[in-house]
Structure formats: C-alpha cells, structure tokens
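Here is how the chains run, residue by residue.
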Amino acid sequence: MRLNHSNFLFLLASVLLVQTVHSGPPGAAKKKLIEFGWDEPDTAFMREHVAEMERTPFDGCVFHVDYPKPGGGKGSFTWECWGTRAFGMQELKPALDDLKATRFLRFTDNFLRFNTTPGKLDWFEDHAAVLTNAHLAARVAREGKCKGLLFDIEQYDGLLFDYHKQRDAKQKSWEVYAAQVRRRGRETMEAFQRGYPNLTVFLTFGYSLPWAESQGGKSALADCHYGLLAPFLDGMVESSRGRARLVDGHELSYGYKDLSRFSQAYETMNDRLLPIVLHPDKYRQVFSFGFGLWMDHDWRKAGWETSDPSKNFYSPEAFEASVRKALETADEYVWVYTETPRWWSKEGTAVKLPEAYDAALRRARKGLAKE
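Asks: Can you explain the overall build of the chain? Please cite residues and give values.
Replies: If you tally the helices and strands in the chain, you get 13 helices and 11 strands. Here the C-alpha radius of gyration of the chain, 21 Å, is about what a compact globule of 371 residues would show, namely 21 Å. Dimensions of the chain, computed from the C-alpha atoms along their principal axes, are close to 60 × 60 × 45 Å. Here the chain holds 371 residues, and 57% of them are scored as buried. Pairs at least 24 residues apart make up 81% of the contacts formed inside the chain by residues separated by at least 6 positions. In the structure as shown, the chain presents an accessible area of about 16400 Å², 52% of it carried by carbon and sulfur atoms. Side chains of the chain give 50 positive and 50 negative charges; the mean places of these two sets differ by 4 Å.

Asks: Lay out the pairing of strand E7 (residues 200–203) with the relevant residues and their values.
Replies: The two faces of E7 match: Thr200 and Phe202 on one face and Val201 and Leu203 on the other face are all buried. Judged from the 4 bridges that link them, strand E6 (residues 148–152) and E7 form a sheet pairing that is parallel. Bridged to Gly148 within E7 is Thr200. Crossover connection from E6 via helix H6 (residues 174–195) to parallel E7: handedness right-handed.

Asks: Give me helix H2 (residues 43–53): which residues, what numbers.
Replies: Those residues of H2 that fall on the buried side of the exposure criterion are Thr43, Phe45, Met46, His49, Val50, Glu52 and Met53. Here the buried face of H2 lies against strand E2 (60–63) and helix H4 (89–101).

Asks: If you had to explain the nonpolar core to someone new, which residues and values would you point to?
Replies: Core analysis: the largest hydrophobic core is formed by 99 residues, its most contacted members being Phe151, Phe192 and Tyr207. Per-element tally for this core: the top contributor is helix H5 (residues 128–143), with 8 residues. Look past the residues within four positions of Phe192 in its chain and what remains in contact with it is Phe114, Ala134, Ala138, Leu149, Phe151, Leu199, Val201 and Met236. Ranked by size, the runner-up nonpolar core spans 12 residues in total, among them Ile34, Phe111, Tyr254 and Tyr333.

Asks: Can you explain the packing of aromatic side chains? Please cite residues and give values.
Replies: Scanning the entire structure with this criterion turns up 42 aromatic pairs. When the ring of Phe36 is compared with that of Tyr337, the centres are 6.4 Å apart and the planes differ by 75 degrees; the resulting orientation is edge-to-face. Pair noted here: Phe36 is in the loop between strand E1 (32–35) and H2 and Tyr337 is in strand E11 (residues 333–337), with a separation of 301 residues, a long-range link. Considering the side-chain rings of Trp38 and Trp299, the 6.5 Å spacing of their centres and the 85 degrees angle between planes classify their relative orientation as edge-to-face. Residue Trp38 is found in the loop between E1 and H2, and its partner Trp299 is found in helix H11 (residues 299–302); the two are separated by 261 residues along the sequence. When its relative accessible area of 43% is taken as the criterion, Trp38 is described as partly exposed. Residue classification places Trp299 among the partly exposed positions, given a relative accessible area of 24%. Here a set of aromatic residues connected by ring pairs shows up, and it is made of Tyr67, Phe77, Trp82, Phe87, Phe114, Trp123, Phe151, Phe161, Phe192, Tyr226 and Phe232. Over the face of the ring belonging to Tyr67 we find Arg85, whose NZ or CZ atom lies 5.1 Å from the ring centre. The ring of Phe124 has Lys172 sitting right over it, with the charged end atom 3.6 Å from the ring centre.

Parameters at a glance
- Residues numbered from 1 in each chain as written.
- Predicted model: local features only at pLDDT ≥ 70, side-chain atom pairs only at ≥ 80, totals over all residues.
- Heavy atoms only, no water.
- Helix = DSSP H or I, 4+ residues; strand = E, 2+ residues; numbered from the N terminus.
- Rg over C-alpha atoms; globule rule 2.2 N^0.38 Å.
- Buried < 20%, exposed > 50% of the residue type's maximum accessible area, 1.4 Å probe, protein only.
- Contact = heavy atoms within 4.5 Å.
- Areas by Shrake-Rupley, 256 points an atom, 1.4 Å probe, with all protein chains shown as cover.
- Lys, Arg positive; Asp, Glu negative; His and termini not counted.
- Charge placed at Lys NZ, Arg CZ, Asp CG, Glu CD.
- Pairing = 2+ DSSP bridges.
- Right-handed = clockwise from strand over helix to strand, strands pointing away.
- Core = buried A, V, L, I, M, F, W, Y, C linked by side-chain atoms within 4.5 Å.
- Phe/Tyr/Trp six-rings, centres within 6.5 Å; stacked < 30°, edge-to-face > 60°.
- Lys NZ or Arg CZ within 6 Å of the ring centre and 35° of its normal.

Here it is as structure tokens:
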C-alpha cells in the first residue's frame, strides 16, 4: 500500500501509542546522566572549573547556592531555605552572577539544590519565608539557565513528613494534617513556577518512598516515616501547569545489581503505587521516572578500593551494567551519587576515582543518546 502523508502520520502515531506505556511528561528528551555527591559544587567552583567538569561523562550536576554573610564568610541558602528566614535576591546575586558567567557547553541539565532544611516549622505555622525562598531559588535557576531544582525532601533535621512527630499530632488527626500538607505542596509548586514557569523539579524521592515504607499499601501512611510526603506531592501535582514536570529520582535503587529490579521499580512508579496518589491521571502526565545509583555503595562497611576496584560493592563492570539498565529503563534521568570518590576537585583532578569507573559510565551510555 502506498502511504500518503496523512496515512504515514496515522501509522506513526499508532506505533508510538502501542509502544508507550507511560507517556511521560511533556518535553521528555534523550536519556541523561546527572552527578550528585559529596563533591557537590557551589556556583563559584562551577564558574572556575566548568571545563574540568564537562570532561566527565555527565550531562549536568546538582549544585548548591551560598550567600555572603555581612560580617564575612559564607552561609548556605540551600541548607537554610526551609525555615523562617526569607532571603532576598541581592543576597543570591553573587551566585547568579557566577551562573551567568559560566560557559556551559555539555552540561545542559544542572539543578539548583533546594532542601527541606532546617525543617523545624509545623505545617500550620506561617510558611511565607519558605515560599519566598522557593520562588527565589526557581528564579535563580531560570535566570542562570539551569534545568530546574533538585528538591531534596530528605529529613536531615526536622521530621516534616512523619505524622506522629508533628507538633499537634495528638490534637489533630492524620486527615487534618494531610489536608494542610497537601495545601503546602500546592503553594510550594506554585512558588517554584512563579519563579520558573515550565521548570523541572527533580526529587530524590517521589511517591515511591512512602509506598515502599507502607510495604506496598499494607501499612497506613500515618505510620510511615515519610507518610506525609504523599499528600505533599498530591498538592504539587495539582498545581503543576504548562510544561512543568516532576521527576521521581528513586533513590531506593542506590544498590541495584539485580537488573530485573529496574523494570520492577518502573512498574511500581507507573502503576502499583497509584493507590496512594490522589490524581493518578495527572500524576502520569507530569511525573517522569528515573533512578539513582550510589557508585561507592555502603563504603563504610564494604570499603572503597582504588587499587583493585573488583573488590568494591560495584565493580566497574557491575556498575556499567546497572547504569546501562537504569538508562534504558528511565524516562530520562539517571543520577550517580558518590561520597569517597570525587569527579572533580579544586586541584583540577579527580580524587580516589579509578579510571575504570569513568570508562564504565561512557560505555553504559554509548548509543543511548547523542553526545
């Protein structure tokens, strides 16, 4: 049968529909590797060392923002943004100037880190400062030509998402707190989007964390350490608009060596955890599913060998296999976390990083995306 233009487009659309289980959010593109570890740079480091950073196998990194203290020294916007102190644009101008002056070429997907720290606010207290800071972070990311924000919801200090640890948990029910947290999720996403319409919000954990803690829905979210994260994300999903998207970075995959676990985890994010998602249809529209891998996984117990990498939890060969499978399975993003090895340093060289791991990453991504 000869195909005219209309028939060709119809058949192409049909093939794509059949092949797609999770369509992903609008604007989904090629697979990308993101670096996020203890060598996390500030904006001044990136400005000075961008050439060194772009020689690595990554498409971008997570970075933090500092601010100059009046009496000298630096403070951390990234670690102080979820509190009662509202920052001003003038305080972050040096960081923004760094970003504007940095000539990124290969690093197309950089994410400004925004933590839920110090996290000592009760959900019913005034969140005006938090929302001001959320708007400001997104604005800096947009004006600095970054992809978006790395929203780190880990409870490093205050236990924001544990219902039983909330100030008024004995007086207010789970339902009351969940409704308030959902409202804060809406407000936070709205603040992000005011500063950066159509941004990408990269989460270290999405719904996959409370789902895992509930043993697949067997336990109540009220009894989970991160149970309130689900209604918070409900609010973020509700207020997402345009081409804005959310990424479940699925930190739970840090130690995946059994390659079948990636497809199982994807199916969980795409379908199995929907019982704890308030708006399943919109969730599938705005969420992208990714994976995190910890290269020197559990090094305190397993050690980190630079002279004989085959002794590490992930040998270079095993790490290559896991990264490749993660990239094949993810909608777009895979991120690599490290603690002991550093991909870059002030000296201009990697630290405690065997060359075999750099080569493993390059092989893993070969053929999956245009370099």
